[in-house]
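Tertiary structure, described
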Amino acid sequence: MPSTANFSERLESLREAIRSADHIIIGAGSGLSTAAGLDYAGEDFRREFAPWIERYGFTDLYSSGFYPFQTKEEYWACWAKHIWFCRYRIGALPLYVQLRKLFPQAFVVTTNVDGQFELAGFEVDNLFATQGDYAFFQPVSGTPKMLVGNREWVYKVLPLVKDCRIPSDMLPTMPDGSEAALNLRVDETFVEDFRWHRQARRYTDFVHHASQGNLLLLEFGIGYNTPGIIRLPFEQMAQRYPHTTLVRFNRDNPEPYIEALPRFITFSEDIATVLDQL
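Below or above, wherever it landed, is the structure these notes cover. Here the structure is a predicted model, which means the values were calculated and not measured. (Residues numbered from 1 in each chain as written. Predicted model: local features only at pLDDT ≥ 70, side-chain atom pairs only at ≥ 80, totals over all residues. Heavy atoms only, no water.)

Regarding the pattern of salt bridges
Taken as a whole, this structure holds 19 salt bridges when the rule is applied. Across the pair Glu179 and Lys72 runs a salt bridge, and its minimum N-O distance is 3.2 Å. You can see Glu179 sitting in the loop between α9 (151–157) and β6 (180–184) and its partner Lys72 sitting in helix α6 (residues 72–88), a full 107 residues away along the chain. For the salt bridge of Asp133 with Arg87, the shortest nitrogen-to-oxygen distance reads 2.8 Å. One end of the pair, Asp133, is in strand β4 (residues 132–139); the other, Arg87, is in helix α6, with 46 residues separating them in the sequence. Arg87 carries the same exposure label as Asp133, and that label is buried. (Salt bridge = Lys/Arg side-chain N within 4 Å of Asp/Glu carboxyl O. Helix = DSSP H or I, 4+ residues; strand = E, 2+ residues; numbered from the N terminus. Buried < 20%, exposed > 50% of the residue type's maximum accessible area, 1.4 Å probe, protein only.)

Quick look at the packing of aromatic side chains
Scanning the entire structure with this criterion turns up 27 aromatic pairs. Through a chain of ring-to-ring contacts, the aromatic side chains of Tyr56, Phe58, Tyr67, Phe69, Tyr75, Trp76, Trp79, Tyr134, Phe137 and Trp153 assemble into a single cluster. When the ring centre of Phe85 is taken as reference, the NZ or CZ atom of Arg89 above it lies at 3.8 Å. In this structure, Arg231 packs its charged tip against the face of Tyr224, placed 4.2 Å from the ring centre. (Phe/Tyr/Trp six-rings, centres within 6.5 Å; stacked < 30°, edge-to-face > 60°. Lys NZ or Arg CZ within 6 Å of the ring centre and 35° of its normal.)

With respect to the pairing of strand β9 (residues 264–267)
Side chains on a regular strand alternate between the two faces of the sheet. Across the two faces of β9 the burial is the same, with Phe264 and Thr266 and Ile265 and Phe267 all buried. As judged from the four bridges shared by strand β8 (residues 244–249) and β9, these two strands associate in the parallel manner. Bridge pairing links Val247 to Ile265 in β9. (Pairing = 2+ DSSP bridges.)

Remarks on the layout of surface pockets
With a probe scaled to a water molecule rolled over the atoms, the places where space remains empty come into view. By volume, the largest pocket is sized at about 1600 Å³. Lining the largest pocket we find 50 residues, and of these Ser30, Tyr40, Tyr62, Thr111 and Asn225 sit closest to its centre. Of all the secondary structure elements, the ones that give two or more residues to the lining of the largest pocket are α2 (30–36), α6, β4 and β6. Empty space within the second largest pocket amounts to approximately 490 Å³. As for the second largest pocket, its lining consists of 23 residues, of which Glu118, Leu127, Ala129, Asp133 and Phe136 are closest to the centre. Per-element accounting of the lining of the second largest pocket gives the leading share, four residues, to helix α10 (residues 194–210). (1 Å grid on protein atoms, 1.4 Å probe; cavity = no way out; pocket = protein on both sides within 12 Å on 5 of 7 lines; lining within 4 Å. Points joined across faces, edges and corners; volume = space filled by probe spheres on them.)

Dropping the structure here:
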């Protein structure tokens, strides 16, 4: 089904792909959370980060993560707010809940670190978050390969933020007292603990099994920031496995890198609008 087909034709092709699918894999990037309402530059951001916007000139939450703070107290004050804003503040967003209702048995692979699939009720055994999770600290050195939850620290430290700083004795540490970092993939120190490797194996096994039948790949909001994790592998699967359909939801970059994919449907329309029609 070419992307030039009208909306109703593409929607009916999607319905048929869902009806005939033996297995479904959801691949998700930041565009899905944006469509769901997690706005990194909108009214919520401007309200919650007003002191940081005034002091540092932040224009959006994403770029604030790269700001060269002069002190660790400033760095962690901002990140405590950042973690709370993205991971703990809002619970499951309706669009993710809708996905869970539509595709409860799907396996999910995502580059998102906001935990929305888990919050929406997707089975954790069928969820592979490749780039980490805002909810965890790891050793800053990358060893040992362990993670600890940070929810208690976030809620304890936020009331103590003053002048965009936290007290020095509230800097986060690991259980052994060593310096902590967020479990986000930024360099070679990113911790892939036993759970990460377990889910990576489960994903690989699921793909191998699903490729033998009618496989439906639903790709949401993945651009060219890290295309080698989900976007290009999904196209390769759609090309390699004879009974595989790739459905791409992408407003700005719907086009495939691999030409002439045999079963390929694209939607540049609003994701929520499409799902409502299902």
